[in-house]
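Chains, contacts and geometry: an overview
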Amino acid sequence: MKIQPFYVAPVLPDELKPIQDIAMNLWYSWNWEAVRLFIRMNAETWEESYQNPVALLGRLPQGRLKQLAQDDSFVAGLTRIQEELDVYLYNKKWFDLSHHESKDMLVGYFSCEFGLDEGLPIYSGGLGVLSGDHLKTASDMGIPLVAVGLLYREGYFRQRLNSDGWQLEEYPENDWYNMPVKLETDESGKPILITVEMGDKTVYARIWRVQVGNVRLYLLGTNFSMNPPWAREITTRLYGGDRDMRLRQELLLGIGGTRALKALGLKPTVYHLNEGHSAFLILERIRMLMEEEKLSFEEAREVVWASNVFTTHTPVPAGNEQFEPELLKFYLENYVGSLGLSWDEFLRLGRITPRDTKEPFGMTVWALRLSAHCNGVSKLHGEVSRNMWSAIWPNLPANEIPISHITNGIHPRSWISHDMLDLFESYLGPRFVQKPWEFDVWDRIDRIPDVELWRTHQRRRERLVFFVRKRLKQQLLRRGAHQFEINAAEEVLDPHALTIGFARRFATYKRAALLFSDQERLRKLISDSERPIQFIFAGKAHPQDIPGKEIIKSIIHFIRDEPYRSHFVFVEDYDINVARYLVQGVDVWMNTPRRPLEASGTSGMKAAANGGLNLSILDGWWCEGYHPDVGWAIGGGEEYADNDYQDRVESQALYNCLEHEVIPLFYDRNGSSLPRKWISKMKSAMKSLGQTFNTHRMVKEYTENLYLPAHQYGSAMYAESYRKAKELSAWHKKIQEVWHQVKILDIQTNAEELYVGEDLTVTVRIQLGQITPEDVAVEVQCGRLDSMGNFCNGRIYLTRHLDSNNDGIHTFAVDVPCEESGRHGFAVRARPCHVDLVRTYSSEFVVVG
């Protein structure tokens, strides 16, 4: 029997028509007044709909809609919210005011997951939430940006724990016709289709749009009848399936996403690859330029390279996406061949050691090689990434590897509680909402009276406790627990006790069980009735991460026994909603990763913006954020070769900090009901961390440091029928052919003993062969040396060309000022140089003397 589908839409009275536009724009997710409007319609249905306003409208009885249409107060509120949305959409923003000369820039932002709101479950964790905050902030600041992802039928899993504490996964289906997404259609009303060749077969995809303020997010879905089952399942689950499935998803995201933008008439001038999952877009961009503009592969690569931005998020090599060549060959051999590229040439571009045939094809390596603008997501992660990928740029010291950093942030209005935002409105003023890029507004935190800040924070802690009790009761009912356990859940936790939160993905390096390593000290901590302390845990393990699941199970077993059960709670199914309650209500946010494996982390930033204090290992963002006035550091940023020893040392440091600093400060009331010193620390954290670790600062840095340069260099490559791209390609070809002729023959210097104020003169004789002096930069690095003879620091000095002879031998020289005493050293190198190179080092061709 063939089922014929049709769609039934709610009939909204004229007075309520504007609510449809509000429900279809994710702007509501960071506007509490809009959310409150939906709650007024029916609070219970709002929760049952997972806070999805489109589903809410579809579930409300027609009678209730008519009641609301006749409610003058509700209609007035709706009108006010609609006016706010209109003002938001059409007012000039930061980019319009600061970079109007670059209004032709368009950024294409690609990510495999987007965490925008709990009612749109197409995210798993930190990467997705960061992507979602990026889009919201781009909208706030008027950045011309469109985003591309995948429309997952089941998204990521919902977590359930059985009676033994073992994680189980449930995959409820997403009903896209009752979510804030819209199918893109052509002028005749038919869905716009794109195709992607995978091996000798064709996959069809539809394009769905999510409106995020002013930003459009396009999601590709393959689950419809034109596709066979193997193609329909491509967009079933986020991070689901085997390596074959992952490859198909990434082909669809990269190649299909690029084709989708073209089908929609969009032509980004900058492509931002948020992690390596979308890196096959590089191939498609090159193919399109070759086919449409008749460029060679090398010429097209110059254009693509100049306008690609790549962000890496993973601080360990094993965590970066790799594919075996045989699997790639099945899907991509014909595609690659159509570009005039041999299969071996293609594989070399994805290998750290290009000629190592046993090395898999790395998506991160491929993206780093083919993107001129690369960054990590914190200062420490930038350093780790430069060391980790240094072999891609041989002969360059690690500090010159072309991977910069832009530290992550959070979208404040998405994560700060509405109670705290009400306080901000009173004391920070309208600039906090209207001009969030003016960061000095955070200095006004000091204007908030201590009593009001503490009262607001206490209210949020109370809300958190009541929320946890409700969730815990639901968990126990679902497991079939005894009635006495269910009754006890209604009284778990103390709304007035020091509350510490720990919530994140349960990967082993996060060390969720570090707190439980010394049971005797932990028992003493929680047994002090005068200074009660309690912990709330939450988080998911990847479905295939058995060690992560074992950690969850061990914690569940541990906290079931007395005296722990009244001081510890594990909240199931960690998602955006649970995260909001936690970061808005805890007193302390605890983070215990194994340094340096935390690329950045953002949950602690969210807690800080709400007045929570961080207690964390000095890893990720906390290396930059920590100061004794704003929180606590566990350890001093040490790194250990012995993991067990590291765990012992840092667990003791954690207990010491809790016993001697955190707990005493929280309960230091000095005869008052207010913990004045604690509140002072809260204000310092909110003020200092809030104005720095937010996505408005982050996106501003992306725009000015990466997007605008990529746009400008890319536009230069496009200009005059790709003249510069063709010239640069020809120059690169020449360099590749004759660079072997370059040899440093002789270095002369007066460096025996010099005095401060004198110059070190370095003269270099170099054989260039067929290369002209204009094609080479001869540089001298000079600086202080450590005990091993390595540079402690150093500066690069560019030499000047002095003369040459008929044998192709040239002389270069430079005078280096000696500005301080001590043991110094210098080194000489030569590299290719061209006026149109995007960055100084675009080639591995470096000759050292």
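The sections below set out a description of the structure shown in this document. (Residues numbered from 1 in each chain as written. Predicted model: local features only at pLDDT ≥ 70, side-chain atom pairs only at ≥ 80, totals over all residues. Heavy atoms only, no water.)

1. Focus: the overall build of the protein
What counts is decided by this rule: Runs of E in the DSSP output that reach at least two residues are strands. Runs of H or I that reach at least four are helices, and both are numbered from the N terminus. Using C-alpha atoms as the atom set, the radius of gyration is obtained and then compared with a globule rule of 2.2 Å times the number of residues to the power 0.38. We call a residue buried when its accessible area falls under 20% of the maximum for its residue type, exposed when it is over 50%, and partly exposed in between, using a 1.4 Å probe and counting protein chains only. Here, two residues are considered to be in contact whenever any of their heavy atoms come within 4.5 Å of each other. Only the protein chains shown count as cover for residues, and all accessible areas are computed by the Shrake-Rupley method using a 1.4 Å probe. Residues counted as positive are Lys and Arg, residues counted as negative are Asp and Glu, and His and the chain ends are not counted. Think of each charge as sitting on NZ of Lys, CZ of Arg, CG of Asp or CD of Glu.
Of the regular secondary structure elements, the protein holds 29 helices and 28 strands. For the protein, the C-alpha radius of gyration of 29 Å lies close to 29 Å, the compact-globule estimate for 849 residues. With the C-alpha coordinates aligned to their principal axes, the bounding extent of the protein is approximately 95 × 70 × 50 Å. Here the protein holds 849 residues, and the buried ones make up 58% of them. The contacts in the protein between residues at least 6 apart in sequence include a share of 72% that link residues at least 24 apart. Looking at the protein as shown, the accessible area adds up to about 35,000 Å², and 48% of this sits on carbon and sulfur atoms. If the 97 positive side-chain charges of the protein are averaged to one point and the 113 negative ones to another, these points end up 3 Å apart.

2. Regarding the sheet that holds strand 21 (residues 743–749)
What counts here: Paired strands are those between which DSSP finds at least two bridges. Structural elements are reduced to axes, namely lines fitted to C-alpha atoms, with helices fitted over the stretch in contact, and the angle between N-to-C directions of any two is expressed from 0 to 180 degrees.
If you walk across this open sheet you meet the 4 strands as 21-22-26-25, and the pairing is antiparallel. Lying at the two open borders of the sheet, with one neighbouring strand each, are strand 21 and strand 25 (800–804). Direction aside, the axes of adjacent strands within the sheet are offset by 25° on average.

3. Remarks on the sheet that holds strand 18 (residues 588–591)
Strand order across the open sheet formed by 6 strands is 17-16-15-18-19-20, with parallel pairing between neighbours. Whereas interior strands pair on both sides, the edge strands pair on one side only; in this sheet they are strand 17 (568–571) and strand 20 (631–634). Along the sheet, successive strands turn relative to each other by an average axial angle of 20°, direction set aside. Here 4 bridges tie strand 18 to strand 19 (residues 613–617), and the two strands are oriented parallel to one another. Directly across from Val 588, in strand 19, lies its bridge partner Leu 613. Each of strand 15 (498–503), strand 16 (533–538) and strand 17 is contacted by helix 20 (residues 450–479), which is oriented at about 70° to strand 17, the strand it contacts most. Packing against the sheet, helix 24 (residues 576–585) makes contact with strand 15, strand 16, strand 17 and strand 18, and its axis sits at approximately 155° to strand 16.

4. Some details on a negative patch on the surface
Note the cut-off: Here the term patch refers to residues with relative accessible area over 30% and no salt bridge, with like charges joined within 9 Å and nonpolar side chains (Val, Leu, Ile, Met, Phe, Trp, Tyr) within 5 Å. The working definition used for a salt bridge is a side-chain nitrogen of Lys or Arg within 4 Å of a carboxyl oxygen of Asp or Glu.
On the surface, Asp 21, Glu 83, Glu 84 and Asp 86 cluster together into a patch of negative charge. Ranked by residues supplied to the negative patch, first place goes to helix 6 (residues 72–90) with 3 residues.

5. Points about the pairing of strand 13 (residues 373–376)
Taken residue by residue, a regular strand's side chains alternate between the two faces of the sheet. Taking every second residue as pointing to the same face, both faces of strand 13 are buried, with His 373 and Asn 375 on one and Cys 374 and Gly 376 on the other. In this sheet, strand 13 lies alongside strand 10 (residues 308–311) in parallel orientation, the contact comprising 3 bridges. Residue pairing for strand 13: Thr 311 is matched across the bridge by Asn 375. Alignment of strand 13 against strand 14 (residues 404–405), held across 2 bridges, turns out to be parallel. Bridging from a neighbouring strand, Gly 376 pairs with His 405 of strand 14.

6. A few points about the packing of helix 11 (residues 281–293) against helix 12 (residues 297–306)
For any two helices packed against each other, one specifies the crossing angle of their axes together with the interaxial distance. Using the following cut-off: Orientation categories follow fixed angle ranges, with anything under 35 degrees roughly parallel, anything over 145 roughly antiparallel, 65 to 115 roughly perpendicular, and all other angles oblique. Take the far helix as the reference: if the near one is turned anticlockwise from it by less than a right angle, the crossing is left-handed, and if turned clockwise, right-handed. For this scheme, ten residues count as nonpolar: Ala, Val, Leu, Ile, Met, Phe, Trp, Tyr, Cys and Pro. Four count as charged, namely Asp, Glu, Lys and Arg, and the remainder, Gly too, count as polar.
Between helix 11 and helix 12, whose axes approach to 9 Å, the crossing angle comes to 125°. Here helix 12 runs oblique to helix 11, going by the angle between their axes. Between helix 11 and helix 12 lies a crossing of right-handed hand. Here helix 11 contributes Ile 282, Arg 285, Ile 286, Leu 289 and Met 290 to the contact with helix 12, which in turn contributes Phe 297, Ala 300, Arg 301, Val 303 and Val 304. The residue inventory of the contact of helix 11 with helix 12, partitioned by class, reads 8 nonpolar, no polar and 2 charged.

7. Considering helix 5 (residues 62–69)
Since one α-helical turn is 3.6 residues long, residues separated by three or four positions face the same way. Selection criterion: The directions considered for the arc run from the helix axis to the C-beta atoms.
For helix 5, the set of buried residues is Leu 65, Leu 68 and Ala 69. Taken around the axis of helix 5, the buried residues stretch over an arc of 100°, which confines them to a single face. If you follow the buried residues of helix 5, they end up packed against helix 2 (32–41) and helix 6.

8. Some thoughts on the nonpolar core
Convention followed: What is meant by a nonpolar core is a set of buried Ala, Val, Leu, Ile, Met, Phe, Trp, Tyr and Cys residues, joined one to another through side-chain atoms within 4.5 Å.
Among the nonpolar cores identified, the biggest contains 173 residues, and Met 41, Leu 145, Phe 280, Leu 328, Leu 332 and Phe 346 are the most heavily contacted of them. Setting aside its immediate chain neighbours within four residues, Phe 280 contacts Leu 247, Glu 250, Leu 251, Gly 254, Ile 255, Leu 328, Leu 332, Phe 361, Met 363 and Trp 366. Ile 416, Ile 559, Met 605 and Trp 632 belong to the second largest nonpolar core, which has 98 residues in total.

9. Some words on the environment of Glu 425
Of note, Glu 425 is situated in helix 18 (residues 418–427). Between the C-alpha atom of Glu 425 and that of Arg 348, which follows or precedes it by 77 residues, the distance is 56 Å.

10. Topic: the packing of helix 22 (residues 519–526) against helix 27 (residues 643–666)
Two numbers describe how helix 22 lies on helix 27: the axes approach to 11 Å, and their chain directions differ by 15°. Relative to helix 27, the element helix 22 lies roughly parallel. Here helix 22 and helix 27 pass one another in a crossing that is left-handed. Here Arg 521, Leu 522 and Leu 525 of helix 22 come into contact with helix 27, specifically with Gln 652, Tyr 655, Asn 656, Leu 658, Glu 659 and Ile 663. Along the lines of polarity and charge, the residues of the contact of helix 22 with helix 27 split into 5 nonpolar, 2 polar and 2 charged.

11. Some thoughts on the pattern of salt bridges
Pairing between side chains becomes possible if they bear opposite charge and their charged atoms approach one another. Tallying each qualifying case throughout the model produces 58 salt bridges. Among the ionic pairs, Arg 460 bridges to Asp 419, the shortest N-O distance being 2.6 Å. In this pair, Arg 460 is assigned in helix 20 and Asp 419 in helix 18, connecting sequence segments 41 residues apart. Accessibility classification places Arg 460 together with Asp 419 in one group, the buried group. A salt bridge links Arg 697 to Glu 701, with the nearest nitrogen and oxygen atoms 3.5 Å apart. Of this pair, Arg 697 and Glu 701 both sit in helix 29 (residues 695–738), 4 residues apart, roughly one helical turn. Judged by its relative accessible area of 26%, Glu 701 falls in the partly exposed class. It is possible to trace a salt-bridge network through shared partners that takes in Arg 158, Arg 160, Glu 170, Lys 540, Asp 573 and Asp 575.

12. Some details on helix 24
In plain terms, the rule: Any N or O atom pair separated by 3.5 Å or less is treated as a polar contact, with the protein-specific requirement of one donor-capable and one acceptor-capable atom, and with residues adjacent in sequence counted only for side-chain atom pairs.
The buried fraction of helix 24 amounts to 9 of the 10 residues, a majority that puts the element mostly inside the structure. Every buried residue of helix 24 is listed here: Ile 576, Asn 577, Val 578, Ala 579, Arg 580, Leu 582, Val 583, Gln 584 and Gly 585. In this structure Asp 575 caps helix 24, since a side-chain oxygen of it lies 3.1 Å from the backbone nitrogen of Asn 577.

13. Some words on the environment of Gln 483
Secondary-structure assignment places Gln 483 in helix 21 (residues 483–489). Taking relative accessible area as the criterion, Gln 483 reaches 48% and is therefore assigned partly exposed. As a C-alpha pair, Gln 483 and Asp 619 span 136 residues in sequence and 43 Å in three-dimensional space.

14. Quick look at unusual backbone geometry
Pro 563 follows Glu 562 through a cis peptide bond whose omega is 5°. Along the chain, the position of Pro 563 falls in the loop between helix 23 (546–560) and strand 17. For the bond from Arg 595 to Pro 596, the omega torsion is 5°, close enough to zero to count as cis. Its place among the elements puts Pro 596 in the loop between strand 18 and helix 25 (603–609).

15. Focus on the packing of aromatic side chains
Filter applied, for reference: Between rings of Phe, Tyr and Trp, where Trp is taken as its six-membered ring, a pair exists when centres lie within 6.5 Å; planes separated by under 30 degrees are stacked, by over 60 edge-to-face, and by other angles tilted. Two thresholds decide whether a charge sits over a ring: the Lys NZ or Arg CZ must be within 6 Å of the ring centre and within 35 degrees of the ring normal.
Tallied over the entire structure, the rule returns 40 aromatic pairs. Each ring, one from Phe 558 and one from Tyr 564, has its centre 4.4 Å from the other, and the planes form 40°; the classification is tilted. With a relative accessible area of 4%, Tyr 564 lands in the buried category. Here the aromatic cluster, defined as three or more aromatic residues joined through ring pairs, consists of Phe 502, Phe 506, Phe 516, Phe 535, Phe 537, Phe 558, Tyr 564, Phe 568 and Phe 570. Here Arg 237 stacks its cationic end above the ring of Tyr 171, 3.5 Å away from the centre of that ring. One cation-aromatic arrangement involves Arg 504 over Phe 502; the distance from NZ or CZ to the ring centre is 4.7 Å.

16. Quick word on the pairing of strand 19
The condition that has to hold: Every crossover in which the path from the first strand over the helix to the second runs clockwise, viewed with the strands pointing away from the viewer, is termed right-handed.
Of all 5 residues making up strand 19, 5 are buried, and the element is well covered by its neighbours. A crossover connection joins strand 18 to the parallel strand 19 through helix 25; in handedness this β-α-β unit is right-handed. Sheet topology places strand 19 next to strand 20; 4 bridges connect them, and they run parallel. Of the residues in strand 20, the one forming a bridge with Ser 616 is Ala 633.

Geometric descriptors of this kind do not, in isolation, establish any biological role.
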